[in-house]
Amino acid sequence: MTEHHRVPVARPEVVRAWVDGWVRSRGTDGAVEVPGGFRIAVGRTDQVARYVLPAADPAVLRRLSVALITPGLWLKVCAPRSAVEPALPASWEFRAPEYLMTAPLGRTTHSGASRAAGAPEVPDGLRDGLVPGAAPAPPPDPAVLPGGYVVETVAQGGIVDARAFAATGEVAAGGRVALAGATAVFDQVRTDPAHRRQGLGRIVMTALAARAAQQGATQGVLVARDDGLSLYRAMGWELHSPVTTAVLRRRGTR
C-alpha cells in the first residue's frame, strides 16, 4: 500500500480528548478505561453504553464480541469498516461512516474559504478563532446577521453553546463545544432543514471556536458525518482517522 493510500492512524491522546469532551457535552458518567479503549455508560434504551477504541485490534474486537451480549451496546472504532467487520459476528449492525477531524484554534484562515451562494457573510467579530489570523477577538453577542438571523453564545462550566435564531424567534442552527484540557470538542452541530444553505453552520462553528479559544483551547476535535464533511474541510479541518460504528442488535433481528 502506498503512502498516498495509507489509512490515518488515530493518536490515543486525540481519541482520549474526544471521549472526555463527549462525556462532558452529553452529561454522562466519566469514561472508564478498558482493555483497548474506553467505556462510556450512556444509559439510553437505544444506546446503553458505548465502547470507543483508538484502533481496530482484532484480538480486542473478538474479545468484546464474545463478552458483550446486551442489545444497544455501541462500538466506535477509529478505523475503516474493512478493518472492523471481519472481527465481529453478524449480530453487529454497521452504521454510516464517520470521520474524526482536528483543527488548530486561535488562528483563522480567511483565504480560500467558500460559502453557499446567497449565504450571509460572517460578521467581522465572528471571524477569528478557527483555522488563519490573530488570536480571537470577542465576538459580539448577540451578533445580528443578514437575513435577520441572530447568533448568541453562552459559556458556562467548560461548555460553550451557540444558537442562531431566525427573525421569527425559532432556533435555526446550533452547536456545542466541551473543553477537555486544551482541546475543544465540537458536538451536536446542526442546522434546521428549513434554514440550510444560509451559511449558518459555518457561523455557528466560528462562534464556538472563538469562544473556546478565549478559554484556552488550542485544538478542535469533532466527529463528522458525510453531510458535514465538505463544510468542515472548507473551514480547514483535517481528517484524523475514519470512525466505524457498530451496534449490537437483539438476537433474531436484521
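Structure report, in brief. Quick caveat: nothing in here was measured; it's all calculated off a predicted structure.

Let's shift gears to the packing of aromatic side chains. Per the counting criterion, the structure on display carries two aromatic pairs. For the ring pair F186 and W237, a centre distance of 5.2 Å and an interplane angle of 85° mean the geometry is edge-to-face. Taken as a pair, F186 in strand β11 (residues 183-191) and W237 in the loop between α5 (226-234) and β13 (238-248) lie far apart in primary sequence, 51 residues in all. Grouping aromatic residues by their ring pairs yields a cluster made of F186, Y232 and W237. Taking the ring centre of W22 as reference, the NZ or CZ of R50 above it sits at 4.0 Å.

Moving on: the nonpolar core. In terms of nonpolar packing, the biggest core is built from 33 residues, with M101, L105, V177, A184, F186, L222 and W237 touching the most fellow members. For this core, the elements supplying multiple residues, two or more each, are β6 (98-104), β9 (159-165), β10 (171-180), β11, α4 (200-214), β12 (219-224) and α5. Here the element with the most residues in this core is α4; it accounts for nine residues. Residues within four places of L222 in sequence aside, it is in contact with Y99, L100, M101, F186, M205, Y232 and W237. Formed by 18 residues, the second largest nonpolar core is a distinct cluster that contains L53, L61, A79 and A246.

Thresholds applied
- Residues numbered from 1 in each chain as written.
- Predicted model: local features only at pLDDT ≥ 70, side-chain atom pairs only at ≥ 80, totals over all residues.
- Heavy atoms only, no water.
- Phe/Tyr/Trp six-rings, centres within 6.5 Å; stacked < 30°, edge-to-face > 60°.
- Helix = DSSP H or I, 4+ residues; strand = E, 2+ residues; numbered from the N terminus.
- Lys NZ or Arg CZ within 6 Å of the ring centre and 35° of its normal.
- Core = buried A, V, L, I, M, F, W, Y, C linked by side-chain atoms within 4.5 Å.
- Buried < 20%, exposed > 50% of the residue type's maximum accessible area, 1.4 Å probe, protein only.
- Contact = heavy atoms within 4.5 Å.

By themselves, these observations are geometric and do not establish any function.
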